[in-house]
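Structure at a glance
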Amino acid sequence: MEEFWQQVVTGIATGSVYGLLALAIVLIYRSTSVLNFAQGEMAMLTTFVAWSILQWGEYWVMFPLVLVIAAGMGAFIERVIIRPVEGAPVLNIIIVTLGMFAILNNVATWRWGGIPKGFPAPPEIEVTGIRFMGEGALDIGPTVVSYHDLTILVFAVAIMVALYVFFQYTPLGLAMRATAQNPVASRLMGIRVGRMLTVGWALSATVGAVAGLLIAPLILLQPPMMMGVLLFAFAAAVLGGLDSPVGAVVGGLIIGVSENLVGTYTPKEWLGPDMKLTVTLLIIVVVLLIRPTGIFGRRAMRRV
Amino acid sequence: MVVTGLQIREVTKSFGGIIALDDVSFEVQPGEIAGLIGPNGAGKTTLFNCISRLYDTDRGDIFFDGHDLLKLAADDVVNVGIARTFQNVELFKTMTVIENLLVGQHSRFLPPLRGNMLRRSASAATHTFLEVIASAARLPAAWREESLARNTAEEVVRFLDLEGVKDIRTGDLSFGIQKQVELARALVSRPRMILLDEPASGLSHQELGQLGQVIKSVRDEFRVTILVVEHHMELVMPISDRMCVLNFGRKIAEGTPAEVQKNPAVIEAYLGD
Amino acid sequence: MRRLSPPPTSKLVIFVVIAFFLLWWVPFSHVLPEGFPLRFGTYRTFQGSMIAMWAIVALGLNILTGYNGQISLGHSAFVAIGGYTAAILMVDYGWPFWTTIIIGGLIAGGIGFLIGVPALRLTGPYLAIATLGLALATPQILKKYDGLTHGTQGINVRPEVPASPDFIEDWFGIKLSNDEWIYFLALFIALLMLVLALNIVRSRVGRAFVAIRDSEIAAQAMGISVPRYKIIAFGISAFYGGIAGGTYAQVVGYVSPESFNFLLSINFLTTIVVGGLASILGSVLGATGLIVVPELPGIVSFIPGAGLPDELSWAFYGAALILVMIFAPYGLAGLFHRLVRVGPARVAGVLTPVQGAWLSWRERRRAPPASPGQTGAGSEDRSSGDQPGTE
C-alpha cells in the first residue's frame, strides 16, 4: 500500500508538469485551433535562458525575469511567424510550429551545447515557521513527498487559479474568451482580435516557461528535455478536451498517475515498465473513443 | 400493390424539449410538384432532414414507393430514388461543376438494395473493395462507368445551361449558380423524387420567374416528383399542384394553391403575428 | 480528358529529360570524371532510393490526409510493419524479397483497415494525437516482443538483399552494383504505386474521398457510405506505408525499433504539406525536398559568403519549412504550377482541391462576413493556386 501511495504522489507531481504544458497548449488551441508543436521547445529555451541568468543572479530575481522574457518571446513568435499564416489551413500552421521546433532546438544546442546541465529547484522559503520548497522530503503519513514535488503541485494549482480569475473576472480575459469563441463577432464588437491572439501566445509561453523551470530539476537541462513532456502534454490536452483548461490539468494528472501505476502493477514479462507508455496511450485512446472530444471537451454540432 | 409517391404519416420530432414537427402527415403523388411552405422556423427543413434520414424521427412513418424510409441509412435514401438540395448549399466546393455531377452519380453504380441488412452491407463492402481495385488498375469496368457518368453529367449541364461554368470549382461560383449546380447534382442520380430546399434564396425577383419554369421543365423532362420547401409564395403558388403549410411544427393547411391561399389559418400565419 | 497546355513536343522533351535523369544520371553519373558538373556520387544513388521510398509513404498519406481529410501522425507504425514483415520473412524464413514486400504491404493495409474503424470516431487534432500514440508505441512494442522482432539490436537484412539479377546482364550487357540495382527496384515500385495512386484519385473512389472531406452530409446524400470510404482510405494509406517499409528494408538493409520512431511520422506529415496536400505531384516533390533540403547547408557552404555553420542545419531546415508555408501555402506543387503557368484543373483535376481550399482561404481573409455572389463566370481564367500569399 505504501508503494501505491508513493506512485500516486510522484505521479501527481509529474502529472502537474504535463498539465501545465498542456494548459499552455490549450491556451493557444482555444484561440487559434492550432496544436503548437513548438510549445515544449519554447519552454526549453526559456529554461536555458534562466540557467544563463542564474550564472550571475538569484533564483527569485531570475524567476520573474524569465516569465517576462517568455511572454515577450511568445508575443514575438505570434507577431512575426504565426501572423503571416493566420487563416491558412490548420495543417499549414502546424508545419510552421514544427519548423519553429527545429529552429529552437537547434539554436539551443548551438548556443548552450548538448551536454546535460543540472538545474536548481526553487530554494527554500519559510513563511510563519512553515517551510516551502527547497531540498529534502516531507513525511506525510503513508508516504514521503519531496519538497520539489509539492512545489510543482502548488505552482500548478496557483497558475490554474490565477488563469481562472483572469479569464472569468478581468475585461481582458473576457475579451480573450470572446475572441476564442467568435473572432468575427468580437471584431465587430470592437475587440482587437490580433492583439488578443498575441496576448494568448504570450500567456501560453509564460505558463510553458513555468513548466520548464519546474521539470528541469527532475530531468536535467538539455535541448531534447521537453520532447517527452510535450508528447504527454499533448495526450493530456486531448484527454481533457482541447478547449478546456481544467481538462488539460486533469488530463495531465490522470496520465502522470496512470503511467506510474501501469509501470508498477502490470505483469513484467509482457508489459511492465517498458510498456507503460504504450498502455497509457492505449487508455487515452479508449477514453477518446468513448468521448471523442475529451473528458471536458464540447462536441461540435453542424447545422444543415 | 405498392403505394407509390411519398407518404408522411404522423411524424413528430423534437430537439431537447422543443417540438420541431408535431404530428405532421401529408402525401405527394408521383409526378406532382408539391410545395411545403411556412414561416421561418416552421419545421420545413427539419422534415426534409427526416426524409433524407439526417435526423431520426421520434414517432411516425415515412414511406416512398413502398420503401420504409425510416429503416434506411442516410446514404441509402438516394438508392431508393430520392435526391435533395440543401438550404445553404452543400456542394463539394473544391471540385469543379462536372466533378460534382460525377459524385452525384455515385449511387448509380452501387449494387441494388436487396436482402436483409447484413447481406446488404456485406455485398456493399465487397463492392467497394472490388471498386477500389478496379479503379486503381483502371480496369475496363471502371472506365466504362466513368464515361457513362461523364455523358450524363454533360447532358444535365446542357439541360440546365451550365456549360459556361462546367470546369470551374463550385466554391468560386455565385450563390445563385451554386444552387443550380446543386439541382443538377440531384438530377444526375436519375431520382424519382427531388427535395428542393429553398431554391429561390439569393435570387432576384426576375430570376424567380425563370426558376419556376426550370422546376416545371425538370419535372416534365426527367419525370420526377418534386417537393419544394420555400417561403416565397410567388415561386411556389404558380407551379405547385398541391401545397402543405406548416407553422410552429404543425400542419395548418393542405390543398391546391387556390385553396391554401384562401385558408384563414394560412393568412393569419403569414400576415398576423 | 483535358490536355496539358504545353504543346506535345515540349511535353515529350520534358519527359525525355526526366527519364534520362531518373534512369541514367542518378544511378550512373558517378562514372563521369571527378569534378564533372552536377556529377552524382554513389551516395546520391542511395538518396534517390530513399526519395522513392519516401514518395511511396507520401502518396499513401496524401490519399488519407490530403484527399480524405483524416490527419494521421501514425504512419511510421505502418512503415515499421512493412519493414519488419519484410525483414523477418527474408532473414528468418528465407522468402524471396518481392513476396515479402507485397505481404508487408498487405499486413500493414489490413492493420490500417482495422485502425480505420475506431478512427471514425475521431476528427482533426484528436485523431492526430491518437495516431501519434500509435507512432510512439511502435518502438516500444518492437523492443518488448523480441522473440519475433529480434529486440533492440534490430535485424540486419543486408545479406539477404537481392543482388542485380542475371537477366539485367543478359539483356543490357551491364553488371549493376547493389546500390544501382536497389535504386532501380525502388524506382520501379515507386512508379507503380504512383500510377495506382493517380488512378485512384481520378476515379469515383478518389472523388468519394474528396467529397467526404468537403461535406460529409452532402456525400451521404449522394449515396456515399462515409464510414466505409473513410476506412478504405485508411487501409489504402496503410498499404502504401507497408510497401514503403518493405522497400526501406531493401534500401537501408537494416531495420531497428529506432528506425521507426515518431519523428518519422511527423516528417511524413511535413512531407505532404510542404509538397502539397491532395496532390500526387506534391507527394513526390515533398519527398524530394525533405531528403534534399537538410543537405543544402552543406552544398550552400561551398558558395563563398553563403555559408551557414553546419551545426545550424536543422534551424535552416526549420526556416525553410516556415518560409514555404508563408510563401507557398499550397506547397511545392502549388509553386510548381505557378512557375510553369499551367491553368487550374488542367492537370486532370488533380490540383483542384488544393486550389479550391486556397481560394476559400483567401476569400475568408478578404471579407469575414460571407458575401455571396461576388464571383461569377469571369473567374475562369484566374489561376487560383498561383496568387501571392498576401493582398
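Residues numbered from 1 in each chain as written. Chains lettered and ligands numbered in written order. Predicted model: local features only at pLDDT ≥ 70, side-chain atom pairs only at ≥ 80, totals over all residues. Heavy atoms only, no water.

1. Regarding the overall build of chain B
- Check the secondary structure of chain B and you find nine helices and 10 strands.
- Relative to the globule expectation of 19 Å for 273 residues, the C-alpha radius of gyration of chain B, 19 Å, shows essentially globular dimensions.
- In terms of its C-alpha atoms, chain B occupies a principal-axis envelope of roughly 65 × 45 × 35 Å.
- Looking at the 273 residues of chain B, the share that counts as buried comes to 54%.
- Of the contacts formed within chain B by residues at least 6 apart in sequence, a portion of 69% connects residues at least 24 apart.
- Accessible surface computed for chain B: about 12,000 Å², of which carbon and sulfur atoms make up 52%.
- Across chain B, the mean location of the 29 positive side-chain charges is 5 Å away from that of the 36 negative side-chain charges. (Helix = DSSP H or I, 4+ residues; strand = E, 2+ residues; numbered from the N terminus. Rg over C-alpha atoms; globule rule 2.2 N^0.38 Å. Buried < 20%, exposed > 50% of the residue type's maximum accessible area, 1.4 Å probe, protein only. Contact = heavy atoms within 4.5 Å. Areas by Shrake-Rupley, 256 points an atom, 1.4 Å probe, with all protein chains shown as cover. Lys, Arg positive; Asp, Glu negative; His and termini not counted. Charge placed at Lys NZ, Arg CZ, Asp CG, Glu CD.)

2. A closer look at the overall build of chain A
- When you go through chain A residue by residue, the secondary structure sums to 11 helices and four strands.
- Its C-alpha radius of gyration of 20 Å places chain A within 12% of the 19 Å reference for a compact globule of 304 residues.
- Projected onto its principal axes, the C-alpha positions of chain A cover 55 × 50 × 40 Å.
- The long-range fraction of contacts in chain A, counting pairs at least 24 apart against all pairs at least 6 apart in sequence, stands at 72%.
- Counting every atom, chain A has about 13,000 Å² of accessible surface; 69% of that belongs to carbon and sulfur.

3. Considerations on helix H6 (residues 171-181) of chain A
All names here are of chain A.
- Regarding H6, the residues found buried are Gly 173, Ala 175, Met 176 and Thr 179. Down the axis of H6, the buried side of the element spans an arc of 160°, and every buried residue falls inside it. In H6, the exposed positions angled more than 90 degrees off the buried face are occupied by Pro 171 and Gln 181.
- Each element contacted by the buried residues of H6 is listed here: helix H5 (147-169), helix H7 (183-188) and helix H8 (193-219). (Arc of directions from axis to C-beta.)

4. Topic: the sheet that holds strand S6 (residues 82-84) of chain B
All names here are of chain B.
- Taken in spatial order, the six strands line up as S6-S7-S8-S3-S9-S10 in an open sheet, and their pairing is mixed. Of all strands in the sheet, those with a lone pairing partner are S6 and strand S10 (250-255), marking the two edges. Adjacent strand axes in the sheet meet at a mean angle of 15° when their direction is disregarded.
- Note: strand S3 (residues 33-37) against strand S9 (residues 242-247), four bridges, orientation parallel. Its bridge partner being in S9, Ala 34 is matched across the sheet by Arg 242. (Pairing = 2+ DSSP bridges. Axes fitted to C-alpha atoms, helices over the stretch in contact; angles between N-to-C directions.)

5. Side note on the pattern of salt bridges
- Applying the stated rule across the entire model yields 22 salt bridges over all chains.
- Residue Arg 250 of chain B pairs with Asp 22 of chain B through a salt bridge whose shortest N-O separation is 2.9 Å. You can see Arg 250 of chain B sitting in strand S10 and its partner Asp 22 of chain B sitting in strand S2 (residues 18-28), a full 228 residues away along the chain.
- When the shortest N-O distance is used, the salt bridge between Glu 258 of chain C and Lys 143 of chain C registers 3.0 Å. One end of the pair, Glu 258 of chain C, is in the loop between strand S2 (254-255) and helix H12 (262-275); the other, Lys 143 of chain C, is in helix H5 (residues 124-144), and 115 residues separate them in sequence.
- Assessed through its relative accessible area of 44%, Glu 258 of chain C is described here as partly exposed. (Salt bridge = Lys/Arg side-chain N within 4 Å of Asp/Glu carboxyl O.)

6. Some words on the side chain of Thr 94 of chain B
- Examined against the element boundaries, Thr 94 of chain B turns out to sit in the loop between S6 and helix H2 (97-104).
- A residue is classified by how much of its surface remains accessible, and Thr 94 of chain B, at 5% relative accessible area, is buried.

7. Let's talk about a nonpolar patch on the surface
- Taken together, the side chains of Val 157, Val 161, Tyr 164, Val 165 and Tyr 169 of chain A define a hydrophobic patch exposed on the protein surface, amounting to about 520 Å² of accessible area.
- Topologically, Tyr 169 of chain A is positioned in helix H5. (Patch = residues over 30% accessible without salt bridge, like charges linked within 9 Å, V, L, I, M, F, W, Y side chains within 5 Å.)

8. Looking at unusual backbone geometry
- Positive phi is not limited to glycine here, since Leu 220 of chain A has a value of about 65°.
- Positionally, Leu 220 of chain A belongs in the loop between H8 and helix H9 (225-240).
- Looking at Leu 220 of chain A, the relative accessible area reads 40%, which means it is partly exposed.
- The phi dihedral of Val 89 of chain B is positive, around 65°, even though this residue is not glycine.
- Structurally, Val 89 of chain B can be placed in the loop between S6 and H2.

9. Quick look at the pairing of strand S4 (residues 59-64) of chain B
Residue and element names in this part refer to chain B.
- Direction of pairing for strand S1 (residues 6-15) relative to S4: antiparallel, over a ladder of five bridges. The residue bridging Arg 9 from the neighbouring strand is Asp 61, located in S4.
- Pairing between S4 and strand S5 (residues 67-68): two bridges, direction antiparallel. Paired with Phe 64 across the strands is His 67, a residue of S5.
- The antiparallel pairing of S4 with S5 creates a hairpin that spans two residues between the two strands, and Asp 65 there sits at a positive phi of about 45°.

10. Describing the pairing of S3 of chain B
Residues and elements named next belong to chain B.
- Most of S3 is tucked away: five of the five residues are buried.
- The two faces of S3 match: Ile 33, Gly 35 and Ile 37 on one face and Ala 34 and Leu 36 on the other face are all buried.
- One ladder, built from five bridges, connects S3 with strand S8 (residues 225-230); its direction is parallel. Its bridge partner being in S8, Ile 37 is matched across the sheet by Glu 230.

11. Thoughts on the confidence of the model for chain A
- Of all residues in chain A, 95% attain a pLDDT of 70 or more, and the chain-wide mean is 87.
- Across chain A, element-level confidence peaks in helix H2 (residues 39-54) of chain A with a mean pLDDT of 95 and bottoms out in strand S2 (residues 130-132) of chain A with 67. (pLDDT = per-residue confidence, 0-100.)

12. Regarding helix H4 (residues 97-119) of chain C
All names here are of chain C.
- Given a rise of 1.5 Å per residue, 23 residues ought to cover 33 Å, and the 32 Å separating the end C-alpha atoms of H4 matches this to within 8%.
- All buried positions along H4 are accounted for by Phe 97, Thr 99, Thr 100, Ile 101, Gly 104, Gly 105, Ala 108, Gly 109, Gly 112, Gly 116 and Ala 119.
- Those residues of H4 that are buried lie in contact with helix H3 (75-93), H5, helix H8 (178-202) and helix H11 (226-252). (Expected span 1.5 Å × (residues − 1).)

13. Quick look at the environment of Ile 141 of chain C
- Its location among the elements puts Ile 141 of chain C in helix H5.
- In sequence terms Ile 141 of chain C and Gly 151 of chain C are 10 residues apart; their C-alpha atoms lie 9.1 Å from each other.
- Every residue in contact with Ile 141 of chain C, bar those within four places of it in the chain, is listed here: Met 275 and Thr 278 of chain A.

14. What about the packing of aromatic side chains?
- Counted according to the given criterion, the structure contains 28 aromatic pairs over all chains.
- Where Phe 159 of chain B meets Phe 222 of chain B, the ring centres are 5.0 Å apart and the plane angle is 80°; that geometry is what we call edge-to-face. Residue Phe 159 of chain B is located in helix H4 (residues 140-159), and its partner Phe 222 of chain B is located in helix H6 (residues 205-222); the two are separated by 63 residues in the primary sequence.
- For Phe 159 of chain B, a relative accessible area of 29% puts it in the partly exposed group.
- Owing to a relative accessible area of 23%, Phe 222 of chain B belongs among the partly exposed residues under this scheme.
- Here Trp 314 of chain C and Tyr 317 of chain C contribute two aromatic rings whose centre-to-centre distance is 4.9 Å and whose plane-to-plane angle is 80°, an arrangement assigned as edge-to-face. Of the two residues, Trp 314 of chain C and Tyr 317 of chain C are both situated in helix H15 (residues 313-327); the distance of three residues between them amounts to about one turn of the helix.
- Accessibility expressed as a relative area gives 47% for Trp 314 of chain C, which makes it partly exposed. (Phe/Tyr/Trp six-rings, centres within 6.5 Å; stacked < 30°, edge-to-face > 60°.)

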